[in-house]
Amino acid sequence: MKSKFTPPIGKITQINGQCISLIGNDIDTDRIIPARFLKCVNFDLLGESVFEDDRETLKGSHPFDLEENKNATILIVNSNFGCGSSREHAPQALMRWGIKAIIGESFADIFYSNCIAIGIPCFTLSKKSIQEVQNNKDNKFLFLEIDLKNSLAKSKDLTLNLEIKESSRKMFLSGEWDATSTLLENEDFIENKLNCLPYLEFNSPIT
Amino acid sequence: MSQNTLFDKVWDLHKVSSLPGGSDQIFIGLHLIHEVTSPQAFGALKDKNLKVKFPERTVATVDHIVPTDNQSRPFKDNLAEQMIETLEKNCLEHKIRFFNIGSGNQGIVHVVAPELGLTQPGMTIACGDSHTSTHGAFGSIAFGIGTSQVRDVLATQTIAMNKLKVRQIWCDNKLSKGVYAKDLVLHIINKLGVKAGAGFAYEFAGPAIDELSMEERMTICNMSIEGGARCGYINPDEKTFSYIKNKLCAPKNKYWDKAITWWDSIKSDENSIYDDVIKLDASKVEPTVTWGITPGQSIGINQKIPLLDDLSPNDQFIAEEAFEYMGFNPGQSIKDTPVDVCFIGSCTNGRISDLRVAAEVLKDKKVYKEVKAFVVPGSEKVAIQAKQEGLDMIFKDSGFQWREPGCSMCLAMNSDKLIGNEISASSSNRNFKGRQGSPNGRTLLMSPAMVAAAAINGKVSDVREFMKK
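Predicted model only: the values in this text are computed from it and were never measured. (Residues numbered from 1 in each chain as written. Chains lettered and ligands numbered in written order. Predicted model: local features only at pLDDT ≥ 70, side-chain atom pairs only at ≥ 80, totals over all residues. Heavy atoms only, no water.)

**Student:** Tell me about the sheet that holds strand S10 (residues 200-205) of chain B, residues and numbers included.
**Tutor:** Backbone-to-backbone hydrogen bonds pair the strands of a sheet. The strands run either parallel or antiparallel. Residue and element names in this part refer to chain B. Read from one edge to the other, the open sheet built from four strands follows the order S11-S10-S9-S12, with strand pairing classed as parallel. Of all strands in the sheet, those bounded by a partner on one side alone are strand S11 (231-233) and strand S12 (276-281). Taking each pair of neighbouring strands and ignoring which way they run, the sheet shows an average axis angle of 20°. Pairing of S10 with S11 involves three bridges; the strand directions are parallel. Each residue of the ladder has a partner; that of Ala201, found in S11, is Cys231. (Pairing = 2+ DSSP bridges. Helix = DSSP H or I, 4+ residues; strand = E, 2+ residues; numbered from the N terminus. Axes fitted to C-alpha atoms, helices over the stretch in contact; angles between N-to-C directions.)

**Student:** Tell me about the interface of chain A and chain B, and name the residues and values.
**Tutor:** By a frequent convention, interface size equals the accessible area lost on bringing the separate parts together. Taken together, the contact pairs 62 residues of chain A with 86 residues of chain B. For the pair chain A and chain B, the summed buried surface comes to about 6,000 Å²; carbon and sulfur atoms form 60% of the total. Where chain A meets chain B, there are eight salt bridges. Residue Arg31 of chain A is joined to Glu321 of chain B by a salt bridge in which the shortest nitrogen-to-oxygen separation is 3.0 Å. At the surface where chain A touches chain B, the tally comes to 31 residue pairs in polar contact (both at pLDDT 80 or more). Secondary structure elements with two or more residues in the side of chain A that touches chain B: helix H1 (29-32), helix H2 (52-58), helix H4 (109-118), helix H6 (166-174), helix H7 (180-184), helix H8 (187-196) and helix H9 (198-202) of chain A. Along the lines of polarity and charge, the residues of the side of chain A that touches chain B split into 24 nonpolar, 18 polar and 20 charged. (Contact = heavy atoms within 4.5 Å. Buried area = accessible area lost by both parts, 1.4 Å probe. Salt bridge = Lys/Arg side-chain N within 4 Å of Asp/Glu carboxyl O. Polar contact = N/O pair within 3.5 Å; in protein donor to acceptor, adjacent residues only side chain to side chain. Nonpolar A, V, L, I, M, F, W, Y, C, P; charged D, E, K, R; others polar.)

**Student:** I'd like a rundown of the packing of helix H13 (residues 352-362) of chain B against helix H16 (residues 448-457) of chain B, residues and numbers included.
**Tutor:** Residue and element names in this part refer to chain B. Contact geometry for H13 and H16: axes closest at 8 Å, N-to-C directions at 30°. In terms of orientation, H13 lies roughly parallel with respect to H16. For H13 against H16, the interelement crossing comes out right-handed. Taking contact as the criterion, the partners of Asp354, Val357, Ala358, Val361 and Leu362 in H13 are, on H16, Pro448, Ala449, Ala452, Ala453 and Ile456. Class assignment for the residues of the contact of H13 with H16 results in nine nonpolar, no polar and one charged. (Parallel < 35°, antiparallel > 145°, perpendicular 65-115°, else oblique. Left-handed = near helix turned anticlockwise from the far one by under 90°.)

Pasting the structure below:
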């Protein structure tokens, strides 16, 4: 088993690590973490069950089971990764397995915002660049240094211009990706909003 | 950039602030919670020493894990029991209204909130469930969120979010007989693709949409997320208003007229500007069935499963994966494919009108002998109404099992699961690998009427053949 999990905290500016490639489009969150593992009241044990059914089907040859990938932290995926269910259990399971950043052709919206909310930056690259990285013969030993400030990823002989939503990038650099406290700073505005919504006037409170 | 659409109006109304990074802080008018995605959020509140800011803006029910055979407590499944107990405790502690089993109002969260009149035009609605888009049928802006955002809504009644673009999907003409909202939305997802909606809200409009009942509109908006759009909506009209009128939480007496005036004002203006507009002809849609492992992999009942060369290069990879998983060949018919299980239910098609349509097909017919068929009403209200109309007896007489309300085999978090590589004809929303509880189980999505037809014949059938006089 891997070393003890520690969640990210504060500013995220740099992520260095080994890449793990997972090839396929439209990989949904039911595949990332099948629904039976959602029967839990915390996320602690999800890391062990990430891609459980896909891994079972491939009997040891799934990228998440290969010895050479066991210390990988940067996941390389194709398009529409994380589609389907809104379950945050999916990025939580990836994070608890060891993933700290994801680079892909594209991400499903809810999965993307779940990743940002728990401190996993998701970057996009063109299909061609992703395939280059995934087909890199040395891929199993491809180490990347991701620099959030300049949206760059570098290895010995590779430089990638990563794309990330500007709002997400800024939140990681400032440490405000854990949004609750930022949102709470506007408490007065929230109260004001509550008082000016027309439908709250004609609906009685739900009690 | 879109202007003067319902989406723009509702977004602007609920915007609390522009956040430093460039996203918006959006007030959530109605927050719905259930047992699967909320416990960790309450846990996080506790860790941060925070309270629920406006408990009266959150409503809870229990749906994903509930057994549909025997609902007596404690549940046989210890983990399921632990989850419902945790929700009960959290609601009690934070003074959140909870519609529990036996309350008369429990059910799938996206069936229950509209039934109670909680879902109304012009609201922002969030829930830790991707099918929250369902509520957009009423002209609300409704979307699924993850558990960290559930925590944020509980703590602040707001979330941080980037404004979406708006794509109008204009549906001309009318659906033909035997073709339903489910067929239309499967058709739309097939035409646009499962990721086309990323970054967009979908506005469904046009004569074919106007023609649909509120429950059919919910089916359309429900599946927006299967097309990648986190949010889908339909402008409110007279049908919307009359559906809401007299519901438990609907505006009453002097407030009713006020409500209608305001609801009318938030519709998309005639000169609205959209980021994109797509037009399609609803009269061309056939009863539609999925053959693959994404909701976009569908065909009309009389069409053949596509050849690889018929597909765009981007769709070929997932198609090959689908052929292998489903055991289907390119070019093969979907019609007459034998089915093992028939499931009617879910937040997509578990409402009273869905049960009525299926019962009409099943009346005086028998389920094929080797097929296991069951119907799971979307809520306690749906179940009661169905019993009053005698629909439960029609289902039972035909050989369907009549179950208690819940999400059931849509995602198989309870004991309703496929076994091995069984094929199910299902009125639910996702045909992902393993979705219905068996790692190699296979799902064919279709309308409730088509599920009923498949149940009778024991194979995928064209329901229109049951309708010929």
